[in-house]
Structures are given as C-alpha cells and as structure tokens.
Amino acid sequence: MIEITPEYKARVEQVSLNVCSVVLPMDKLPENLLEAYANLCNELLEDTDEKFIKGWQALPNSARAQLPQADFHGFYIANAWIQLSRVAQDISEMAESDEAIDEKEYNGIFTRISDDSLKDCSKKLKKSRTDRALFNSIMAVIDGK
C-alpha cells in the first residue's frame, strides 16, 4: 500500500498535469472533462487494487532509480488519461447519439486502459535506462516542457 502524504499527492498531481498539458490543452478543457480527470487522478492515486504499487515494485532497481515513485505515478496517471481521452473521442465519434453509447459495451474499458498504461509506462522507464533520448523526453514532459 502506498502512503499518500500531502507532498506525495501534490507531486503526483503536478507531474500528471505537466505531462497531460504537453499533449492536451488542460487549461481549456470543459468543466465536465476536468472533473473526469480529477476522478481518474484520485482513483489511480488511491491504488486500492494495488496495481500501481505492485507494478512499481516489480520494476528492476535500476529502472526505479531513474525517477522518484511520485513522478512515475504521475507519469502513469497522465498516460492513462491521454489514452482514455483518445478512446472516449473514438467512441463518441462512432456513436450516433449519447444513447448509442451502451455502458455495458464499454464496461471494463477503464481497467484495460489503466492496465495497459501501467505496462507502457513501465516499458518506457525500463528502456530509458539505456536510451538517453527517451529518458530526457520523459524528464521534459514531467517538468511540463
């Protein structure tokens, strides 16, 4: 279980916002999407199913040494938000109306996306040990550049 101190939470939220802002105009999102982002952030931060902490602990020490845990956590949350945003846009474009979006049809999509995001972020962090350009790119987005 993760000890979520106010400092840890603030750092995770800042990193996540920094990374998302590089890809999406977070300051221009409608209120309902900002609320969805906040909900996603809180859910993945709480890590009640312990997927994040188990994924973090499964990383080799050399990969964990690349970033503080809070930075990796924020990077993962941002990656999940970006992937979820893309999928939601695809779904809304395919649906003829809001009623056409059947909740049952997309049930579990969030879990799959967050799982895939954690795997993707773990792969990137591992690869960044030997790929300096990737490491620098990760650090730049974490810093919001």
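Structure's up top.
These numbers come from a predicted model, not from an experiment.

Definitions and limits used
Residues numbered from 1 in each chain as written. Predicted model: local features only at pLDDT ≥ 70, side-chain atom pairs only at ≥ 80, totals over all residues. Heavy atoms only, no water. Helix = DSSP H or I, 4+ residues; strand = E, 2+ residues; numbered from the N terminus. Buried < 20%, exposed > 50% of the residue type's maximum accessible area, 1.4 Å probe, protein only. Contact = heavy atoms within 4.5 Å. Areas by Shrake-Rupley, 256 points an atom, 1.4 Å probe, with all protein chains shown as cover. Axes fitted to C-alpha atoms, helices over the stretch in contact; angles between N-to-C directions. Parallel < 35°, antiparallel > 145°, perpendicular 65-115°, else oblique. Left-handed = near helix turned anticlockwise from the far one by under 90°. Nonpolar A, V, L, I, M, F, W, Y, C, P; charged D, E, K, R; others polar. Core = buried A, V, L, I, M, F, W, Y, C linked by side-chain atoms within 4.5 Å.

This brings us to the overall build of the protein. Each helix and strand counted, the protein has seven helices and zero strands in total. Secondary structure of the protein in N-to-C order comes out as α-α-α-α-α-α-α. The buried share of the protein, reckoned over its 145 residues, is 38%. Considering only intrachain contacts with a sequence separation of at least 6, the fraction spanning at least 24 residues in the protein is 80%. For the protein, the accessible surface area stands at approximately 8700 Å², while carbon and sulfur atoms represent 50% of it.

Here helix 3 (residues 51-58) crosses helix 6 (residues 109-127) at 20°, and the two axes come no closer than 11 Å. In this view, helix 3 runs roughly parallel relative to helix 6, as classed from their interaxial angle. Note on packing geometry: the crossing formed by helix 3 with helix 6 is right-handed. Residues Lys51, Phe52, Gly55 and Trp56 of helix 3 lie in contact with helix 6, whose contacting residues are Thr111, Asp115, Leu118 and Leu125. A per-class count over the contact of helix 3 with helix 6 returns four nonpolar, two polar and two charged.

Here the focus is the nonpolar core. Here is a general trend for soluble globular proteins: nonpolar side chains tend to be buried in one another's company. Phe52 and Phe72 are the most contacted members of the largest nonpolar core, which totals 35 residues. The residues contacting phenylalanine 52, other than those within four sequence positions of it, are Ile2, Tyr8, Asp47, Gln69, Phe72, His73, Tyr76 and Leu118.

These figures capture arrangement, not role.
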